[in-house]
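Per-entry structural report
Given next are the chains, with one letter for each unit.
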Amino acid sequence: MGLFSKDIETLNDLFVHQLQDVYYAEKQITKALPKMIEKATDPTLKAGFQTHLEETEGQIMRLERVFEMHDERPKAVACPAIDGIIKEANEVAGDIADKAVLDAALIASAQAVEHYEITRYGTLIAWAKQLGRNDCAAILKETLDEEKATDEKLTSLAETTLNARAENVPA
Ligand code: FE
Ligand code: FE
Ligand code: FE
C-alpha cells in the first residue's frame, strides 16, 4: 500500500487480515501441540492433544479453502497474541517438576489457546456474514465448533480428575 494509505481500509481488508492472523496462529499451534503431547502424562490428556493436533491440521485446510473462496492466496501474518500465549505456556511448563501439576498447567495453557481461537473465529464468522459470505461463515463455524468442544473436554478433564490429582501431590 502507498505512503498515504493504510493496509487495512475496508471491512473486507480487515476480514482478510484476520484470516491471515488465525492462519499463522493455527500453524504455530501445530508446532506447539507435539511438545504438549510429549509433556503430558495422563493418557486421556495426551490423546486429547493428539486428536486436536489432527483437527488443527484440518482447520488449516479449511482456512486455505476460505482464502480460495475469497479469491485470496493463503498467507500468514504474525500473530503476537498466539506467540505470547505459547511462550507463556512453555515458561510455566519449564518451571514445573511434578507430572500431575504439569498436567494441570498444560490444560490451563491449552484452554488459553482455545479461548483465543474462539474469539477470533467468532469475529471472523460475524464479519463473513456481514460481507454476505455465509458460505465462508459456515466453514469457519465448523472450526469454531471444534475449538469449543476441545475447550469443554479440557474443562471436564480438569474438573473431574486432573486438578484433584495435582492437589494431592505432596508439597
Ligand atoms: Fe485451531
Ligand atoms: Fe492474532
Ligand atoms: Fe484449537
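Refer to the structure presented above.
Keep in mind the model is a prediction, meaning the values are calculated, not measured.

**Section: the overall build of the chain**
Along the backbone of the chain there are 5 helices and 0 strands. Its helices and strands taken in sequence order, the chain reads α-α-α-α-α from the N to the C terminus. Split into buried and exposed, the 171 residues of the chain put 43% on the buried side. Sequence-distant contacts in the chain: of pairs separated by 6 or more residues, those separated by 24 or more amount to 79%. In the chain, 19 side chains carry a positive charge and 31 a negative one; their mean positions are 2 Å apart.

**Some details on the coordination of the iron ion (ligand 3)**
Distances from the iron ion (ligand 3) to its protein donors, namely H52 (NE2), E114 (OE), E114 (OE), E117 (OE) and E147 (OE), fall within the range 2.1 to 2.6 Å. Between the donor residues of the iron ion (ligand 3), the gaps in sequence give the motif H-x61-E-x2-E-x29-E. A distance of 3.2 Å spans the gap from the iron ion (ligand 3) to the iron ion (ligand 1), which E117 bridges by coordinating each metal. Pair noted here: E117 is in helix α4 (residues 99–130) and E147 is in helix α5 (residues 134–167), with a separation of 30 residues, a long-range link. For E117, a relative accessible area of 1% translates into the label buried.

**Examining the nonpolar core**
One finds L45, F49, I82 and I107 to be the most contacted residues of the largest nonpolar core, which totals 28 residues. Going through the elements one at a time, α1 (11–39), α2 (43–69), α3 (80–94), α4 and α5 are the ones with two or more residues in this core. The residues touching I107, leaving out its near neighbours within four places in the chain, are L45, L154, L157, A158 and L162. Within the second largest apolar cluster, 18 residues are counted, among which are I125, A137, L140 and L144.

**A short note on the pattern of salt bridges**
Overall, the coordinates contain 6 salt bridges when judged by the stated rule. Across the pair K87 and E91 runs a salt bridge, and its minimum N-O distance is 3.4 Å. Placement of the pair is K87 and E91 together in helix α3, with a separation of 4 residues, close to one helical turn. Since its relative accessible area comes to 54%, K87 is described here as exposed. Two residues, R133 and D135, come together in a salt bridge whose shortest N-O distance is 2.9 Å. Among the residues examined, D135 registers a relative accessible area of 37% and is labelled partly exposed. What emerges from the salt-bridge pattern is a single network uniting R62, E142 and E146.

**Some thoughts on the packing of aromatic side chains**
The geometry of an aromatic ring pair is captured by the separation of the ring centres together with the interplanar angle, meaning the angle of the planes. Scanning the entire structure with this criterion turns up 1 aromatic pair. For the ring pair Y23 and F67, a centre distance of 5.4 Å and an interplane angle of 75 degrees mean the geometry is edge-to-face. Of the two residues, Y23 is situated in helix α1 and F67 in helix α2; the sequence distance between them amounts to 44 residues. Of the two residues examined, Y23 and F67, each falls in the buried class.

So, how was this worked out
- Residues numbered from 1 in each chain as written.
- Chains lettered and ligands numbered in written order.
- Predicted model: local features only at pLDDT ≥ 70, side-chain atom pairs only at ≥ 80, totals over all residues.
- Heavy atoms only, no water.
- Helix = DSSP H or I, 4+ residues; strand = E, 2+ residues; numbered from the N terminus.
- Buried < 20%, exposed > 50% of the residue type's maximum accessible area, 1.4 Å probe, protein only.
- Contact = heavy atoms within 4.5 Å.
- Lys, Arg positive; Asp, Glu negative; His and termini not counted.
- Charge placed at Lys NZ, Arg CZ, Asp CG, Glu CD.
- Donors = N, O, S within 2.8 Å, 3.2 Å for Na, K, Ca; no water.
- Core = buried A, V, L, I, M, F, W, Y, C linked by side-chain atoms within 4.5 Å.
- Salt bridge = Lys/Arg side-chain N within 4 Å of Asp/Glu carboxyl O.
- Phe/Tyr/Trp six-rings, centres within 6.5 Å; stacked < 30°, edge-to-face > 60°.

Bear in mind that shape data such as this cannot, by itself, settle questions of function.
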